[in-house]
Amino acid sequence: MASYKVKPSKPFAVFGALVGVAMLVFVLTKGVGRDNGFVWLWSAVCVGIVGFNLWAAFSKRGGTEVIETRSGEEA
(Lines give C-alpha, C1' and ligand atoms only; values in the text may rest on other atoms or scores of the structure.)
Protein backbone atom coordinates (compact mmCIF):
# COMPACT_ATOMS: atom_id res chain seq x y z
CA MET A 1 0.00 0.00 0.00
CA ALA A 2 1.54 3.28 -1.11
CA SER A 3 1.06 6.45 0.87
CA TYR A 4 1.61 10.03 -0.16
CA LYS A 5 1.94 13.04 2.11
CA VAL A 6 0.09 16.16 1.10
CA LYS A 7 1.28 19.53 2.35
CA PRO A 8 0.20 23.06 1.54
CA SER A 9 2.43 25.29 -0.52
CA LYS A 10 4.94 27.27 1.50
CA PRO A 11 3.46 30.68 0.57
CA PHE A 12 -0.03 29.56 1.54
CA ALA A 13 1.15 28.13 4.87
CA VAL A 14 3.07 31.33 5.67
CA PHE A 15 -0.02 33.37 4.73
CA GLY A 16 -2.07 31.22 7.15
CA ALA A 17 0.47 31.89 9.90
CA LEU A 18 0.27 35.64 9.23
CA VAL A 19 -3.52 35.54 9.42
CA GLY A 20 -3.23 33.71 12.75
CA VAL A 21 -0.88 36.40 14.06
CA ALA A 22 -3.27 39.13 12.87
CA MET A 23 -6.16 37.41 14.68
CA LEU A 24 -4.06 37.15 17.84
CA VAL A 25 -3.06 40.82 17.71
CA PHE A 26 -6.69 41.83 17.14
CA VAL A 27 -8.06 39.98 20.14
CA LEU A 28 -5.23 41.10 22.43
CA THR A 29 -5.54 44.78 21.48
CA LYS A 30 -9.35 44.94 21.49
CA GLY A 31 -9.74 42.81 24.60
CA VAL A 32 -12.85 41.08 23.24
CA GLY A 33 -14.17 38.63 25.83
CA ARG A 34 -11.66 39.54 28.51
CA ASP A 35 -14.39 39.46 31.15
CA ASN A 36 -15.38 35.85 30.56
CA GLY A 37 -12.10 34.25 29.51
CA PHE A 38 -12.91 34.03 25.79
CA VAL A 39 -9.68 35.88 25.02
CA TRP A 40 -7.64 32.97 26.38
CA LEU A 41 -9.47 30.42 24.26
CA TRP A 42 -9.11 32.64 21.19
CA SER A 43 -5.40 33.14 21.91
CA ALA A 44 -4.79 29.41 22.27
CA VAL A 45 -6.52 28.71 18.95
CA CYS A 46 -4.49 31.45 17.22
CA VAL A 47 -1.22 30.08 18.59
CA GLY A 48 -2.25 26.64 17.34
CA ILE A 49 -3.02 28.03 13.87
CA VAL A 50 0.34 29.80 13.69
CA GLY A 51 2.28 26.79 14.95
CA PHE A 52 0.55 24.34 12.61
CA ASN A 53 1.07 26.54 9.56
CA LEU A 54 4.73 27.20 10.33
CA TRP A 55 5.30 23.48 10.88
CA ALA A 56 3.62 22.70 7.56
CA ALA A 57 5.65 25.38 5.77
CA PHE A 58 9.14 24.63 7.05
CA SER A 59 9.21 20.99 8.18
CA LYS A 60 10.54 18.41 5.77
CA ARG A 61 7.86 16.03 7.07
CA GLY A 62 5.17 18.71 7.33
CA GLY A 63 2.44 16.78 5.55
CA THR A 64 -1.00 17.78 6.75
CA GLU A 65 -2.72 14.78 5.18
CA VAL A 66 -1.73 11.26 4.17
CA ILE A 67 -3.32 9.62 1.16
CA GLU A 68 -3.05 5.85 0.99
CA THR A 69 -3.77 3.73 -2.05
CA ARG A 70 -4.23 0.00 -2.12
CA SER A 71 -2.08 -2.07 -4.43
CA GLY A 72 -3.42 -2.04 -7.96
CA GLU A 73 -5.07 1.39 -7.59
CA GLU A 74 -3.65 4.58 -9.01
CA ALA A 75 -3.54 7.86 -7.15
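Now for a look at the structure at hand. Sequence positions are assigned chain by chain, starting from 1 and proceeding in written order. With the structure being a predicted model, the display of local features is reserved for residues of pLDDT at least 70 and the display and counting of side-chain atom pairs for 80 or more, all residues being used for whole-chain, interface and lining totals. Only hydrogens and water are set aside when side-chain values are computed; all heavy atoms of the structure are taken into account.

### Concerning the overall build of the chain
Counting secondary structure elements, the chain contains two helices and two strands. Per the convention used, a helix needs a DSSP run of H or I reaching at least four residues, while a strand needs a run of E reaching at least two, with both numbered from the N terminus. Put simply, the chain runs from its N terminus to its C terminus through helices and strands in the order β-α-α-β. Burial status follows relative accessibility: with a 1.4 Å probe on protein chains alone, a residue under 20% of its type maximum counts as buried, one over 50% as exposed, and anything between as partly exposed. When burial is assessed residue by residue, the chain has 21% of its 75 residues classed as buried. A sequence separation of at least 24 residues applies to 67% of the contacts in the chain between residues at least 6 apart. To be clear on the numbers: accessible area is Shrake-Rupley with a 1.4 Å probe, and residue cover counts the displayed protein chains and nothing else. For the chain, the exposed area adds up to about 5,700 Å²; of that, 65% sits on carbon and sulfur atoms. Contacts were defined at the residue level, with two residues in contact if any of their heavy atoms lie within 4.5 Å.

### Quick notes on helix α2 (residues 38–58)
Here a helix's expected span is defined as the number of its residues, less one, multiplied by 1.5 Å. Compared with the 30 Å implied by 1.5 Å per residue over 21 residues, the 30 Å span of α2 between its first and last C-alpha is a close match. The complete set of buried residues in α2 reads Val39, Ser43, Cys46, Val50, Asn53, Ala56 and Ala57. Across the axial projection of α2, the buried residues extend over an arc of 165°, all falling on one side. Of the exposed residues in α2, those oriented more than 90 degrees away from the buried face are Trp40, Leu41 and Val47. Of the surrounding elements, those touching the buried residues of α2 are α1 (10–30). In this context, the arc is that of the directions from the helix axis out to the C-beta atoms.

### Quick look at a nonpolar patch on the surface
Taken together, the side chains of Phe26, Val32, Phe38, Leu41 and Val45 present a nonpolar region at the surface, about 440 Å² in accessible area. Counting residues per element, the nonpolar patch draws most heavily on α2, at three residues. Of note, Val45 is situated in helix α2. A relative accessible area of 44% places Val45 in the partly exposed class. Candidates for patches are residues over 30% relative accessible area with no salt bridge; among them, like charges are joined within 9 Å and nonpolar side chains (Val, Leu, Ile, Met, Phe, Trp, Tyr) within 5 Å. When a carboxyl oxygen of Asp or Glu lies within 4 Å of a side-chain nitrogen of Lys or Arg, that pair is called a salt bridge.

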